[in-house]
Amino acid sequence: MNELGSISPELLVASVMVASTPILLAGLGELVVEKAGVLNLGVEGLMIIGAVCGFAMSVITGSVLAGVLAALVGGALLGLVFAVLTQYLLSNQVATGLATTLFGLGLASLIGKPFIGVRPPEMPRLRVEFLSDLPFIGHVLFSHDPVLYLSLGMTLLIWYFLRHTKKGLILRAVGENHDAAHSIGYKVRQTRILAIMFGGAMAGLGGCYLSLVRVPQWTEGMTAGAGWIALALVVFSSWRPLRVLLGAWLFGGVTVLQLNLQAAGVGIGVAYLSVAPYVVTIIVLVLISANRSQRLLNAPACLGRSYYISS
Amino acid sequence: MRILKLIAASAVIALGAAGGTVSADEPLKVGFIYVGPTGDHGWNYQHDKGRKLVEETFGDAVEVSFVESVPEGPDSERVMTQMALSGHDLIFTTSFGYMDPTINVASKFPDVTFEHCTGYKRADNVATFNARFYEGRAVIGHIAGHVTESNVIGYIATFPIPEVVRGINSAYLAAKKVNPDVEFKVIWVYTWFDPPIEADAAKALIEQGADVIMQHVDSTAAMLVAEEHGVWAFGQASDMSEFGPNSHIASIVNNWAPYYVERVQAVMDGTWSNSDTWEGLSTNMVEISEITDRIPADVKASAQAVRDAIADGSLHPFTGPINRQDGTAWLAEGETASDGDLLGLSFYVEGIDEDFPQ
């Protein structure tokens, strides 16, 4: 196994963390949306809008922070479009989600035209005296950019919010049974719209991580399916934030690992490795559809169902 | 309602039939189908440049449309059918994976002319065209062999089809010729366009010691990663120099535009035939962009000499003795590879220390 000698574990782990950040952010956002009972298949479109808004704004202003904010706002606004269509006009969520993806991809290409071939300002990286120089730990834990740390913080925050706060409980109630939630006075529509906008902002943030850190460049269609992976991730994690983190590392890890294995000259099993996360997702989906008591797997009972006040 | 449908259907058939004989006042409808976005600054960008030249050259005599990011497979068949039904006279399908769909659709629309890029199946109304990219790869392989200090060259490959395998072999042979210690690390990404994966692949190669990056993928992501890490890189399909001000050595540029103009003209003149075109450096269908002055002058000069020798036919990138990876003989001393051999090339040459993907 000395072929593996050329793979540096610390660089590999650091690369995995970077590769998994976009899908982690988008996945967490979609998790909150789905917990509120809304299925938004527009993650891909939201991500690419974030990618282009973040890129464009940071190039125009020269500030990465402004770019990140623009990505959050851009994602939230496109999320709002989806929210108005599905919550007020009661359009079909699946169709509207797909339309959001198509619309996002097209709009992003349009916005991005003047920014093709431009270099963005660099995202600053953490550098702590002493800590960043530590072997292994220094590279893995103390050498990243702020968004990556934010994504880890958001994982905990969303877990805490859903699990231990009243607002989180209301959001889950809305997702589990919107009629019951409404009957005891909670605002179903408002909760869902806020959740969708939050999901949009998170997807936008994930998108701008692609265009500002991971590639870093604006290219049309650059999300190349990351939004769909984020969607799969939510199902894979059976709607639990900490498992989204694990899933993101698994998806990102498998991608980076198989590339590294190939570079190291280990060709066998690479195809199986890259297909593994999808296989697991399919198995989870099969389990969910086979198991009548969805509760066990945590899927929100009102997922994808439109809600309107009949009176 | 049924009558309306009948009328519509016969109108469509009439349109299709009219496609064969183009009258002077009707513009020729030309369609292009791309596998990725036209803004990739690579493969599709270059095809789209060709489309623009067709529009410029013929003006009102043509009506040009294109569809981008069409996945290979059944989707592409739908897009082609749609184009044929909407009265296109000439359709360029510009990715290897469009081969069978092109043949299928062409058999249903005998009066529509098709041009398929990089495939090998033809029909009465389907011509094929391709460029000898491997000639360009020999030039960049030559440079890579000279400039590498770690003696590790990273190669981002797409799918294990002869087209890509030729490129790897050609670049390796040229690099090996000038630097016997050179080693190739190949990553197969199984996609033509996925910037984040391309970037990750480049990163993995650099982290494992590669100081020169070559790519067969369509985006400029690898070039940017090379720039960030301060290693050399070569552009693919289009001039990518602006993406790597310090890293970019040269790009292999696919120059389809003159061919497109020629073929549109041929359809207009009624002289079109289902030919098979495979041109390279000699006719400038493949070009090497300006080689940077950041590499030693003698390397630049020798690279240009290699380029010129391939262009005038005095040097063939695949000249024996060459063995297959398993050590068996392929080309004898002085023997050059036939086009047939090259078109079906599905093995690494001796010296590439990688498993050939199955």
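Everything here concerns the structure above.
A few points on the structure. Every chain is numbered on its own, with residues counted from 1 as its sequence reads. To read the labels, note that chains go from A and ligands from 1, taken in the order they are written. Totals for whole chains, interfaces and linings use all residues, but because this is a predicted model, local features are given only for residues with pLDDT of at least 70 and pairs of side-chain atoms are given and counted only at 80 or more. Computation of side-chain values: all heavy atoms of the structure, hydrogens and water removed.

### Focus on the overall build of chain A
Consideration 1: The numbering of helices and of strands both runs from the N terminus, where a helix is a DSSP run of H or I of at least 4 residues and a strand a run of E of at least 2. Looking only at helices and strands, chain A features 12 helices and zero strands.
Consideration 2: Walking chain A from its N terminus toward its C terminus, one meets helices and strands in the order α-α-α-α-α-α-α-α-α-α-α-α.
Consideration 3: C-alpha atoms define the radius of gyration in this analysis, and the globule rule sets the expected value at 2.2 Å times the number of residues to the power 0.38. In terms of overall dimensions, chain A is globule-like: its C-alpha atoms have a radius of gyration of 20 Å, near the 19 Å expected for 311 residues.
Consideration 4: On the principal axes, the C-alpha backbone points of chain A span a range of 70 × 45 × 35 Å.
Consideration 5: Summary of the burial criterion: residues with accessible area below 20% of their type's maximum are buried, those above 50% are exposed, and those between are partly exposed, where the area comes from a 1.4 Å probe applied to protein chains only. Expressed as a percentage of the 311 residues in chain A, the buried residues total 53%.

### Digging into the side chain of serine 151 of chain A
Residue and element names in this part refer to chain A.
Consideration 1: Tracing the backbone shows serine 151 in helix α6 (residues 146-164).
Consideration 2: Among the residues examined, serine 151 registers a relative accessible area of 1% and is labelled buried.
Consideration 3: Polar contacts here mean pairs of N or O atoms no more than 3.5 Å apart (in protein, one a potential hydrogen donor and the other a potential acceptor; neighbouring residues in sequence count only if both atoms are side-chain atoms). Engagement of the side chain of serine 151 in a polar contact is seen with the backbone oxygen of leucine 148, the distance being 2.6 Å.
Consideration 4: Throughout, a contact is declared for two residues whenever any of their heavy atoms are within 4.5 Å. In this structure, serine 151 is in contact with Thr21, Leu24, Leu25 and Leu28, ignoring residues within four places of it in sequence.

### A word on helix α2 (residues 43-58) of chain B
Residues and elements named next belong to chain B.
Consideration 1: Between the first and last residue of a helix there are one fewer steps than residues, each counted as 1.5 Å, and that sum is the expected span. The end-to-end C-alpha distance of α2, which contains 16 residues, comes to 23 Å, matching closely the 22 Å that a straight helix rising 1.5 Å per residue would cover.
Consideration 2: Looking at α2, one finds that the buried residues are Trp43, Asn44, Gln46, His47, Asp48, Gly50, Arg51, Val54 and Phe58.
Consideration 3: Of the residues flanking the end of α2, it is glycine 59, one or two places downstream, whose phi is positive at about 55°.

### Side note on the state of the cysteines
Residue and element names in this part refer to chain A.
Consideration 1: Cysteine sulfurs are considered disulfide-paired once they come within 2.5 Å of each other. Inspection of the entire model under this criterion finds zero disulfides over all chains.
Consideration 2: Free cysteine: cysteine 53, not disulfide-bonded; nearest cysteine sulfur from cysteine 208 at 9.6 Å.
Consideration 3: You can call cysteine 53 buried: its relative accessible area is 16%.

### Focus on the sheet that holds strand β7 (residues 183-188) of chain B
Residue and element names in this part refer to chain B.
Consideration 1: Two strands pair if DSSP finds at least two bridges between them. Strand order across the open sheet formed by six strands is β7-β6-β8-β9-β10-β12, with mixed pairing between neighbours. Both edges of this open sheet fall to β7 and β12 (286-288), since each of them pairs with a single strand only. The average undirected angle you get between the axes of adjacent strands in this sheet is 15°.
Consideration 2: Strand direction decides the pairing type here: strand β6 (residues 152-157) and strand β8 (residues 212-215), joined by four bridges, are parallel. Bridging from a neighbouring strand, isoleucine 153 pairs with valine 212 of β8.
Consideration 3: Simply put, an axis is a line fit to the C-alpha atoms, just over the touching stretch for a helix, and the angle between two N-to-C directions goes from 0 to 180 degrees. Where helix α7 (residues 195-207) meets the sheet, it contacts β6, β7 and β8, and its direction lies at approximately 160° from that of β6.
Consideration 4: The sheet contacts of helix α8 (residues 221-229) involve β6, β8, β9 (232-237) and β10 (248-254), and relative to β9 the element is tilted by about 165°.

### Re the sheet that holds strand β2 (residues 62-67) of chain B
Sheet strands pair via backbone hydrogen bonds, and the direction of the pair is either parallel or antiparallel.
All names here are of chain B.
Consideration 1: Ordered in space as β2-β1-β3-β4-β5-β11, the six strands form an open sheet in which the pairing is parallel. Of all strands in the sheet, those bounded by a partner on one side alone are β2 and β11 (276-279). Taken over all neighbouring pairs, the strand axes of this sheet differ in orientation by 15° on average, direction set aside.
Consideration 2: Bridging between strand β1 (residues 28-33) and β2 involves six bridges; their strand directions are parallel. Residue pairing for β2: leucine 28 is matched across the bridge by valine 62.
Consideration 3: Along the sheet, helix α3 (residues 74-85) contacts β1, β2 and β3 (90-93); its crossing angle with β1, the most-contacted strand, is approximately 170°.

### What about the side chain of serine 58 of chain A?
All names here are of chain A.
Consideration 1: You can see serine 58 is positioned in helix α2 (residues 43-61).
Consideration 2: The class for serine 58 is buried, based on a relative accessible area of 0%.
Consideration 3: Sequence-distant contacts of serine 58, defined by excluding residues within four places in its chain, comprise Ser63, Val64, Gly67, Pro120, Pro121 and Leu212.

### Examining the interface of chain B and chain A
Consideration 1: Facing the 34 residues of chain B at the interface are 31 residues of chain A.
Consideration 2: Accessible-area loss on putting two parts together, using a 1.4 Å probe and summing over both, is the definition of buried area adopted here. Buried area between chain B and chain A, both sides added, is near 2,600 Å², and the carbon and sulfur share of it is 53%.
Consideration 3: Criterion for a salt bridge: a side-chain nitrogen of Lys or Arg within 4 Å of a carboxyl oxygen of Asp or Glu. Here chain B and chain A share one salt bridge between them.
Consideration 4: Close ionic contact of arginine 214 of chain A with aspartate 200 of chain B constitutes a salt bridge, the shortest N to O distance being 2.4 Å.
Consideration 5: Taken together, chain B and chain A are joined by seven residue pairs in polar contact (both at pLDDT 80 or more).
Consideration 6: Looking at the side of chain B that touches chain A, the elements that each hand over two or more residues are β7, α7 and α8 of chain B.
Consideration 7: Amino acids outside the nonpolar list (Ala, Val, Leu, Ile, Met, Phe, Trp, Tyr, Cys, Pro) and the charged list (Asp, Glu, Lys, Arg) are all regarded as polar, and Gly is one of them. Taken together, the residues of the side of chain B that touches chain A sort by class into 17 nonpolar, five polar and 12 charged.

### Comments concerning the pattern of salt bridges
Residues and elements named next belong to chain B.
Consideration 1: If you walk through the whole model with that rule in mind, you get 16 salt bridges over all chains.
Consideration 2: In this structure, glutamate 55 engages arginine 51 in a salt bridge whose closest nitrogen and oxygen atoms are separated by 3.1 Å. Remark: arginine 51 and glutamate 55 occur in helix α2; sequence separation between them is four residues, near one turn of the helix.
Consideration 3: Residue glutamate 55 is classed as partly exposed on the basis of its relative accessible area, which comes to 33%.
Consideration 4: We note a salt bridge from lysine 108 to glutamate 77, for which the minimum N-O separation is 3.9 Å. Note that lysine 108 is positioned in helix α4 (residues 99-108) and glutamate 77 in helix α3, a separation of 31 residues in sequence.
Consideration 5: Residue classification places glutamate 77 among the partly exposed positions, given a relative accessible area of 21%.
Consideration 6: One network of salt bridges, with partners in common, ties together Asp48, Arg51, Lys52 and Glu55.

### Quick notes on the packing of helix α7 (residues 166-176) of chain A against helix α9 (residues 188-214) of chain A
Residues and elements named next belong to chain A.
Consideration 1: One way to put it is that α7 packs onto α9 with a least axis distance of 10 Å and a crossing angle of 105°. With respect to α9, the axis of α7 lies roughly perpendicular. Here Leu171, Val174 and Gly175 of α7 lie close against α9, whose contacting residues are Val188, Thr191, Arg192 and Ala195.
Consideration 2: The residue inventory of the contact of α7 with α9, partitioned by class, reads four nonpolar, two polar and one charged. For classification purposes, angles smaller than 35 degrees are called roughly parallel, those larger than 145 roughly antiparallel, those between 65 and 115 roughly perpendicular, and all remaining angles oblique.

### Some remarks on a nonpolar patch on the surface
All names here are of chain A.
Consideration 1: Exposure above 30% relative accessible area and the absence of a salt bridge qualify a residue for a patch, where like charges join within 9 Å and nonpolar side chains (Val, Leu, Ile, Met, Phe, Trp, Tyr) within 5 Å. Per-residue and other accessible areas were derived by the Shrake-Rupley procedure at a 1.4 Å probe size, with only the shown protein chains allowed to occlude residues. There is a patch of nonpolar side chains on the surface, built from Val73, Leu77, Leu80, Val81, Val84, Leu85, Tyr88 and Leu89 and spanning about 680 Å² of accessible area.
Consideration 2: Relative to the helices and strands, leucine 89 resides in the loop between α3 (64-88) and α4 (93-112).
Consideration 3: Here leucine 89 falls in the exposed class, since its relative accessible area comes to 58%.

### A few points about the environment of leucine 24 of chain A
All names here are of chain A.
Consideration 1: Residue position: leucine 24 is located in helix α1 (residues 9-35).
Consideration 2: Along the backbone, leucine 24 and methionine 202 are 178 residues apart, and their C-alpha atoms lie at a distance of 9.2 Å.
Consideration 3: Each residue touching leucine 24, except ones within four places of it in the same chain, is listed here: Ser151, Leu152, Thr155, Leu233, Val244, Leu245 and Ala248.

### So, the nonpolar core
Consideration 1: Definition of nonpolar core: a set of buried residues of the types Ala, Val, Leu, Ile, Met, Phe, Trp, Tyr and Cys, connected through side-chain atoms within 4.5 Å. In terms of nonpolar packing, the biggest core is built from 93 residues, with Ile168 and Phe318 of chain B touching the most fellow members.
Consideration 2: These domain boundaries are the output of an automatic or database domain assignment. In terms of domain composition, this core takes at least three residues from each of domain 1 (2-131) and domain 2 (133-254 + 286-343) of chain B.
Consideration 3: Grouped together as the second largest cluster of nonpolar side chains are 90 residues, Ile23, Leu31, Leu46 and Ala203 of chain A included.

Spatial relationships are all this shows, so hold off on functional conclusions.
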